[in-house]
Amino acid sequence: MTDHTDLLARLDAAEARMAALALDPPPGLTDADPATGEQWDAGQAWAHVAEFVPFWQGETEKVVTAYAGEPVPFGRSKDDPGRVGYIRENRNEPPGEQMARLAGALMLFRQYLATLSNTDWSARGLHPRLGEMTVAEFVDRFTVAHLEEHADQLEKLAADA
């Protein structure tokens, strides 16, 4: 079986960083995204972090379940109504509550990932913008690296406060 220890260790580290940030939430706006110029307040970042883990678990399950040798379409755009609506509706929820939601979602995601075989990790999905990716690649990019990115943003806000 392929070892995904590094990926899971990075996920654990990112979760620990987010937990520390939830204890003393930073105010302010993130730096502008180089591609879009978009800036988020800390509440938007927390709301997004709390919603994207369950979304990407669902997309992972969809690809693993449907894969039969051909890439399975997966993903969403930044303007997905569910994503945008959740962030808008939950941006004022306390970071501690968002962190509790995130921790629960990460626990379920880790449990799911532990059930994956080598074949499952190698299943291929087709992202509408980025093309073909294995489950391992998109778990890394859309869950682990994405959580690390938002931890970086919130840590920078805390340092600038």
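Residues numbered from 1 in each chain as written. Predicted model: local features only at pLDDT ≥ 70, side-chain atom pairs only at ≥ 80, totals over all residues. Heavy atoms only, no water.

**Side note on the pattern of salt bridges**
In total, this model carries 13 salt bridges according to the counting rule given. In this structure, the salt-bridge partner of Lys156 is Asp31, at a minimum N-O distance of 3.6 Å. Of the two residues, Lys156 is situated in helix 6 (residues 135-160) and Asp31 in the loop between helix 1 (5-23) and helix 2 (42-66); the sequence distance between them amounts to 125 residues. Relative accessible area serves as the criterion here: at 36%, Lys156 is assigned to the partly exposed category. Beyond isolated ion pairs, a larger network of salt bridges with shared partners links Arg10, Asp140 and Glu148. (Salt bridge = Lys/Arg side-chain N within 4 Å of Asp/Glu carboxyl O. Helix = DSSP H or I, 4+ residues; strand = E, 2+ residues; numbered from the N terminus. Buried < 20%, exposed > 50% of the residue type's maximum accessible area, 1.4 Å probe, protein only.)

**Considerations on the layout of surface pockets**
Considered as a void within the structure, the largest pocket measures approximately 760 Å³ in volume. For the lining of the largest pocket, the secondary structure elements donating two or more residues are helix 2 and helix 6. No other element matches helix 6, which puts nine residues into the lining of the largest pocket. Broken down by class, the residue content of the lining of the largest pocket amounts to seven nonpolar, seven polar and 11 charged. (1 Å grid on protein atoms, 1.4 Å probe; cavity = no way out; pocket = protein on both sides within 12 Å on 5 of 7 lines; lining within 4 Å. Points joined across faces, edges and corners; volume = space filled by probe spheres on them. Nonpolar A, V, L, I, M, F, W, Y, C, P; charged D, E, K, R; others polar.)

**Details of helix 1**
The terminal C-alpha atoms of helix 1, which comprises 19 residues, lie 27 Å apart, in line with the 27 Å expected from a rise of 1.5 Å per residue. Those residues of helix 1 that sit buried are Leu7, Leu11, Ala14, Glu15, Met18, Leu21 and Ala22. Seen end-on, helix 1 carries its buried residues on one side only, within an arc spanning 120°. In helix 1, the exposed positions angled more than 90 degrees off the buried face are occupied by Asp6 and Leu23. Contacts from the buried residues of helix 1 go to helix 2, helix 4 (95-113), helix 5 (118-122) and helix 6. (Expected span 1.5 Å × (residues − 1). Arc of directions from axis to C-beta. Contact = heavy atoms within 4.5 Å.)

**Side note on the environment of Leu7**
Topologically, Leu7 is positioned in helix 1. Put simply, Leu7 and Asp140 are 133 residues apart on the chain and 6.8 Å apart in space, counted from C-alpha to C-alpha. For Leu7, the contacting residues outside a window of four places in its chain are Trp121, Ala136, Val139, Asp140 and Val144.

**Some words on helix 2**
Between its terminal C-alpha atoms helix 2 stretches 36 Å, which fits the 36 Å expected from 25 residues at 1.5 Å a residue. Along its length, helix 2 shows its largest kink, about 25°, at Phe52, and proline Pro54 lies within four residues downstream of that point. Counting buried positions along helix 2 yields 18 of 25 residues, so the element is predominantly enclosed. Two or three places before Gly43, at the start of helix 2, stands the capping residue Asp41, its side-chain oxygen 2.9 Å from that residue's backbone nitrogen. (Bend = angle between axes of the 7 residues up to and from the residue. Polar contact = N/O pair within 3.5 Å; in protein donor to acceptor, adjacent residues only side chain to side chain.)

**Some words on the side chain of Asp41**
Structurally, the position occupied by Asp41 is in the loop between helix 1 and helix 2. Within the local environment of Asp41, its side chain forms a polar contact with the backbone nitrogen of Gln44, the two atoms lying 2.7 Å apart. Setting aside residues up to four positions removed in sequence, Asp41 forms contacts with Gly28, Leu29 and Arg91.

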